[in-house]
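Each chain, written out:
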Amino acid sequence: MVHLATAKYGKDKVRVSRIVRNSDGTHDFVEYIIRALLEGDVERAWTHSDNSSIVATDSIKNTCNVFAKTSPYVLQPEKFALDLGLHFVSTYSHIHRACVDIVQLKWSRINVKGKAHKHSFVRDGDEKRTVSVVVDATKGKKAITATCQGGISGLLCLKTTESQFENYVFDKFTTLKPVDDRIFSTSVDCVYNVPIRSSSFNKDALAGLRIDFDAIYRSVVETTLETFATHNSASVQATLYIMCEKVLRDNADVADIKYELPNKHYIAPDLSYIGLKNTEPKDAEVFTPVDAPSGYIIGHVTRDAKAKL
Ligand SMILES: O=c1[nH]c(=O)c2[nH]c(=O)[nH]c2[nH]1
């Protein structure tokens, strides 16, 4: 006997952007890539070729567009995702869980002679703001719960000094030389949980949610960059932990945070064959950026021992 262990479906890579025209003549603009997946009493589509319970993925895509037009939360991806998820589980009696992931592309207001322009924007960074929400009605439509995870993806940073790596395990496999001054470069991925403390989540609970997700995101980006720049790093591991500590200290609404930091190596090539000294630490000025392999350092810091990401 076999059985269908997981049945989940929806639309991925729904690209949507939205202008909000403000009464003062300024415009806001957001661009999202959405994945919206549904779960519920839908198994017969898999097991019996019966599509009668299936909200077409095309309709799910249409719903994303309609909500981009109508949701009052469209400029804040966390609340927008919660609004969308809530819609799916509230509208369809047989849909018990909605998972909505959003990747926000960066459009920052252009500064013209020191002044933020009213309606012009620039892609001034490849990093993405990420959101992952689950709206869960498996315990009934009057007992909906929600989880919300924010994050940063692909924030590329590099520093040219104040990074070391010494006093690690030396054995017969070790060829790495300890360094007290090296390049440290990483591409920051992090996710943090923002608990939605409602046991009957609905439109009113969403409207009453007093969590400033924009401020949290700005704080996490700022802490990440500031710590990266100013912490005299003994290792990627140590810098990562300091980032987590500060995010949790500064943001009461964040329950836990997890960073994944590649250590993107820069190797000083030997130029002695032509009489040039290019050896670490002090004489190394020319480096070969190495695509692969990279180190990969993960750390998850929680307020309590049991939190899960
Ligand atoms: O910051 C670092 N952490 C490591 O675990 C490690 N391992 C390594 O080879 N270089 C580094 N650098």
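Criteria and thresholds
Residues numbered from 1 in each chain as written. Predicted model: local features only at pLDDT ≥ 70, side-chain atom pairs only at ≥ 80, totals over all residues. Heavy atoms only, no water. Near = heavy atom within 4 Å. Polar contact = N/O pair within 3.5 Å; in protein donor to acceptor, adjacent residues only side chain to side chain. Areas by Shrake-Rupley, 256 points an atom, 1.4 Å probe, with all protein chains shown as cover. Phe/Tyr/Trp six-rings, centres within 6.5 Å; stacked < 30°, edge-to-face > 60°. Helix = DSSP H or I, 4+ residues; strand = E, 2+ residues; numbered from the N terminus. Buried < 20%, exposed > 50% of the residue type's maximum accessible area, 1.4 Å probe, protein only. Pairing = 2+ DSSP bridges. Salt bridge = Lys/Arg side-chain N within 4 Å of Asp/Glu carboxyl O. Disulfide = S-S within 2.5 Å. UniProt positions renumbered as here; feature names shortened; annotations may be inferred. Expected span 1.5 Å × (residues − 1). Contact = heavy atoms within 4.5 Å. Domains from an automatic or database assignment. Buried area = accessible area lost by both parts, 1.4 Å probe. Patch = residues over 30% accessible without salt bridge, like charges linked within 9 Å, V, L, I, M, F, W, Y side chains within 5 Å. Axes fitted to C-alpha atoms, helices over the stretch in contact; angles between N-to-C directions.

1. So, the site of the ligand
Right, on to step 1. The immediate surroundings of the ligand are formed by Phe 165, Leu 176, Arg 182, Ser 235, Val 236, Gln 237 and Asn 263.
Right, on to step 2. A distance of 2.8 Å is found between an oxygen atom of the ligand and a backbone nitrogen or oxygen belonging to Val 236.
Right, on to step 3. Within the side chain of Asn 263, a nitrogen or oxygen atom sits 3.3 Å from a nitrogen atom of the ligand.
Right, on to step 4. Protein burial of the ligand: of its 300 Å² of free accessible surface, 72% is covered by the chains.

2. Let's talk about the packing of aromatic side chains
Right, on to step 1. Tallied over the entire structure, the rule returns seven aromatic pairs.
Right, on to step 2. Relative to Phe 121, the ring of Phe 29 lies with its centre 6.2 Å away and its plane at 40°, an arrangement referred to as tilted. Residue Phe 29 is located in strand β2 (residues 27–40), and its partner Phe 121 is located in strand β5 (residues 115–122); the two are separated by 92 residues in the primary sequence.
Right, on to step 3. A residue is classified by how much of its surface remains accessible, and Phe 29, at 24% relative accessible area, is partly exposed.

3. Details of the pairing of strand β4 (residues 108–112)
Right, on to step 1. Relative to β5, β4 is paired through four bridges, and the arrangement is antiparallel. When the bridges of β5 are listed, Asn 111 appears paired with Ala 116.

4. A few points about the pattern of salt bridges
Right, on to step 1. Taken as a whole and assessed by the stated rule, the structure comprises 18 salt bridges.
Right, on to step 2. A salt bridge links Arg 97 to Glu 39, with the shortest nitrogen-to-oxygen separation between them at 3.1 Å. Within this pair, whereas Arg 97 is found in strand β3 (residues 95–105), its partner Glu 39 is found in strand β2, the two being separated by 58 residues in sequence.
Right, on to step 3. Residue class for Arg 97 comes out partly exposed when judged on its relative accessible area of 25%.
Right, on to step 4. Residue classification places Glu 39 among the buried residues on the basis of a relative accessible area of 17%.
Right, on to step 5. As a salt-bridge pair, Asp 181 and Lys 282 come within 3.3 Å of each other at their nearest N and O atoms.

5. What to know about the state of the cysteines
Right, on to step 1. Inspection of every chain in the model, using the stated rule, returns zero disulfides.
Right, on to step 2. Not part of a disulfide, Cys 64 finds its nearest cysteine sulfur in Cys 99, a span of 13 Å.
Right, on to step 3. With no disulfide of its own, Cys 190 lies 8.0 Å from the sulfur of Cys 244, the closest cysteine sulfur.

6. Focus on the UniProt feature "binding site: O2" (unreviewed entry) in the protein chain
Right, on to step 1. The sites that UniProt annotates as "binding site: O2" (unreviewed entry) are Thr 57 and Asn 263. Separation in sequence by 207 residues is matched in space for these annotated residues, since their most distant C-alpha atoms are 38.9 Å apart.
Right, on to step 2. With respect to the secondary-structure elements, Thr 57 resides in helix α2 (residues 57–70).
Right, on to step 3. Judged by relative accessible area, which is 26%, Thr 57 ranks as partly exposed.

7. A short note on helix α6 (residues 236–250)
Right, on to step 1. Helix length check: α6 (15 residues) gives 21 Å between terminal C-alpha atoms against 21 Å at 1.5 Å per residue, within 8%.
Right, on to step 2. Looking at the packing, one finds that the buried side of α6 touches β8 (184–193), α5 (213–230), β9 (256–263) and β12 (295–302).

8. Regarding the domain arrangement of the protein chain
Right, on to step 1. Taken as a whole, the protein chain is organised into domain 1 (1–143) and domain 2 (152–194 + 210–309).
Right, on to step 2. Each of domain 1 and domain 2 has a C-alpha centre, and these two points are 31 Å apart.
Right, on to step 3. Facing the eight residues of domain 1 at the interface are 10 residues of domain 2.
Right, on to step 4. Counting each side, the surface lost to burial between domain 1 and domain 2 is near 850 Å², with a carbon and sulfur contribution of 50%.
Right, on to step 5. It is Gln 76, Glu 127 and Arg 129 that lose the most area in domain 1 upon contact with domain 2, and together they represent 52% of the buried surface on that side.
Right, on to step 6. Where domain 1 packs against domain 2, one counts one salt bridge.
Right, on to step 7. Between Asp 214 and Arg 129 there is a salt bridge, with its nearest N and O atoms 2.8 Å apart.
Right, on to step 8. At the boundary of domain 1 with domain 2, the tally comes to three residue pairs in polar contact (both at pLDDT 80 or more).
Right, on to step 9. Of all elements in the fold, only α3 (77–91) and β6 (128–136) reach the threshold of two or more residues within the side of domain 1 that touches domain 2.

9. Comments concerning a nonpolar patch on the surface
Right, on to step 1. Together, Tyr 273, Ile 274 and Leu 276 make up an exposed nonpolar region whose accessible area comes to about 380 Å².
Right, on to step 2. With respect to the helices, strands and loops of the structure, Tyr 273 is situated in the loop between β10 (266–267) and β11 (288–289).
Right, on to step 3. For Tyr 273, a relative accessible area of 67% corresponds to the exposed category.

10. A closer look at the sheet that holds β6
Right, on to step 1. Here we have eight strands laid out as an open sheet, ordered β1-β2-β3-β6-β7-β8-β9-β12, and antiparallel in their pairing. On the outer flanks of this sheet lie β1 (9–21) and β12, each paired with one strand and no other. Averaged over all pairs of adjacent strands, the angle between strand axes in this sheet comes to 15°, irrespective of strand direction.
Right, on to step 2. Pairing of strand β7 (residues 145–159) with β8 involves nine bridges; the strand directions are antiparallel. Residue pairing in the sheet places Leu 156 in a bridge with Ser 187 of β8.
Right, on to step 3. On the sheet, α2 packs against β1 and β2 and is oriented at approximately 20° with respect to β1.

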